[in-house]
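A look at the structure
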Amino acid sequence: MKVLVINCGSSSLKYQLMDMDTKNSLAKGLVERIGLPGAMLTHRPKDSEKEVITAELPDHVAAIKLVLEAIVDPEFGVINSLADIDAVGHRVLHGGEKVSGSVLIDDAVKQAIEECIELGPLHNPANLAGILACEKMIPGTPQVAVFDTAFHQSMPPESYLYGIPYELYEKYKIRRYGFHGTSHKYVSQRAAGMLGKRIEKLKLISCHLGNGSSITAIKYGKSVETSMGFTPLEGLMMGTRSGDLDPSIVSFIMNKEKWSGDQVNDFLNKRCGVLGLSGVSSDFRDLQKAAEEGNVRAQLALDVFVHDVKKYIGAYAALLDGVDGIIFTAGLGENSPLIRSSICETLGYLGVNIDEEKNTTVRGQEMDISKWGAKCRVLVIPTNEELMIALDTKEIVNQE
Ligand code: AMP
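None of the values given here were measured: they were computed from a predicted structure.

Scanning the protein chain from N- to C-terminus turns up 15 helices and 14 strands. Taking 21 Å as the expected radius of gyration for a compact globule of 400 residues, we find that the protein chain reaches 21 Å, a close match to that expectation. Looking at the 400 residues of the protein chain, the share that counts as buried comes to 50%. Across the protein chain, every contact between residues at least 6 apart in sequence was considered, and the portion connecting residues at least 24 apart equals 61%. Per element, the accessible surface of the protein chain, about 18,600 Å² overall, is 51% carbon and sulfur.

This is the structure we're talking about:
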């Protein structure tokens, strides 16, 4: 079975064609600048050179058409015909409270995605455009929506409610939703495999640390608490997002800077986080380098980030009443021994004891970096959201 995984952004589109018999990727690629001058597709077939194609791409239909043409191209394509695509799996940002799992796309699902545009104004319209474009270009091929929020719908009310009048939750659905659900779900399932235990027996804390970061408490396979909230702005300080703040700071800045609500929201999402604090970069590699060279504010940003992660891990261990494993994933979690070791330094009370040699040698593979006998295992697991989307898609299509 072959599944095409599509992740549409407002002006970009990532794709991957997965062979579900081998769980291998046959080709992947990225379309950039959709609707803008200079649009291009970078297509990377497995085992051969990348192909860069420039084209006029006024909308997502044109982008999907170009992707499909690349996949079946006689020279650099990887399948003979579009009929070889058995299903399409779409990453969708927000499903609100209506969806708690992946679903076969029909009119009701499209309407649910549309109704959540208010909650995911940047992503949901693009996700929907991708779905409609596939319906047009490969009609009859089953399509599945895999929501970034769905995994967290298992959270109990005490986790998802904020301290505001209940009527506002009822009227506007203001609550914690959580994001990165596909990644947290994938790595927690892999963790169970690595630990050789059933996920229904495990208490895990999954740290997805990248440009956007979130931490999730996973009890017996279900998300019970997560750090991102109503939007991805809440929780840890991130590359450019502020993370948790005293809400009064928002009106304070608006008054001082004479900014609108949209302006302050844009500021908190794009100009804060480690970028704002350090004044150096949103990229953790740049920060680590600058800190090594003696840049005090870069070091400060790293210290605040590590402090935040430890704080969340401690809180989640308390909620879970103990923890069997802590997972590090995403760009930073997978690749920075320094960040992992700084975070784990004071987690001995949980039974964490990492082996520094394993911590510094792990590269791009799954590894338990704990010392022998450590009660709480520390796992580095490369995330694979595309594979998770393809697995869910296969499961849903096979049920039909
Ligand atoms: P992601 O959003 O998951 O792609 O993660 C991107 C973040 O991971 C960026 O801030 C990168 O600087 C960081 N990152 C990637 N590789 C490394 C590395 N080897 N050391 C430190 N940070 C890294």
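With that settled, the discussion passes to the pairing of strand E14 (residues 377-380). A two-sided burial pattern is seen for E14, the buried positions comprising Arg377 and Leu379 on one face and Val378 and Val380 on the other. Sheet topology note: the strand E12 (residues 325-329)/E14 ladder contains four bridges and is parallel. Residue phenylalanine 328 lies in a different strand from E14, and its bridge partner there is valine 380. Here two bridges tie strand E13 (residues 367-368) to E14, and the two strands are oriented antiparallel to one another. By the bridge assignment for E14, aspartate 368 is matched with leucine 379.

This part takes up the sheet that holds E13. Read across the open sheet, the six strands follow the order E11-E10-E9-E12-E14-E13; overall the sheet is mixed. Both edges of this open sheet fall to strand E11 (222-226) and E13, since each of them pairs with a single strand only. Contacts from helix H11 (residues 296-320) reach strand E9 (203-209), strand E10 (213-219), E11 and E12, with the element oriented near 15° to E10. Its contacts with the sheet place helix H13 (residues 337-344) against E9, E12 and E14, and it is angled at close to 155° to E12.

Here we come to the sheet that holds strand E5 (residues 51-54). Backbone hydrogen bonds hold the strands of a sheet together, and the pairing may be parallel or antiparallel. Spatially, the eight strands line up as an open sheet ordered E5-E4-E3-E2-E1-E6-E8-E7, and their pairing is mixed. With one partner strand each, in any of the chains shown, E5 and strand E7 (103-104) form the two edges of the open sheet. In this structure, strand E1 (residues 2-8) lies alongside strand E6 (residues 87-92), joined through four bridges in parallel fashion. When the sheet's bridge partners are listed, leucine 4 is paired in E6 with valine 88. Set on the sheet, helix H2 (residues 107-115) makes contact with E6, E7 and strand E8 (143-147); between it and E8 the angle comes to about 35°. Strands in contact with helix H15 (residues 385-399) are E1, strand E2 (13-19), E6, E7 and E8; relative to E6, the strand with the most contacts, it is inclined by about 125°.

Per the stated rule, a full pass over the model turns up six aromatic pairs. Aromatic side chains tyrosine 160 and tyrosine 169 sit 6.0 Å apart centroid to centroid with 45° between the ring planes, which places their arrangement in the tilted category. Pair check on accessibility: tyrosine 160 and tyrosine 169 agree, each one buried. Aromatic pair tryptophan 259 and phenylalanine 267: ring centres 5.0 Å apart, planes at 55°, arrangement tilted. Each of the two residues, tryptophan 259 as well as phenylalanine 267, counts as buried. Following the ring pairs from residue to residue traces out a cluster consisting of Tyr160, Tyr166 and Tyr169. Over the ring of tyrosine 160 we find arginine 175, and its NZ or CZ is 3.7 Å from the ring centre.

Conventions adopted
Residues numbered from 1 in each chain as written. Predicted model: local features only at pLDDT ≥ 70, side-chain atom pairs only at ≥ 80, totals over all residues. Heavy atoms only, no water. Helix = DSSP H or I, 4+ residues; strand = E, 2+ residues; numbered from the N terminus. Rg over C-alpha atoms; globule rule 2.2 N^0.38 Å. Buried < 20%, exposed > 50% of the residue type's maximum accessible area, 1.4 Å probe, protein only. Contact = heavy atoms within 4.5 Å. Areas by Shrake-Rupley, 256 points an atom, 1.4 Å probe, with all protein chains shown as cover. Pairing = 2+ DSSP bridges. Axes fitted to C-alpha atoms, helices over the stretch in contact; angles between N-to-C directions. Phe/Tyr/Trp six-rings, centres within 6.5 Å; stacked < 30°, edge-to-face > 60°. Lys NZ or Arg CZ within 6 Å of the ring centre and 35° of its normal.

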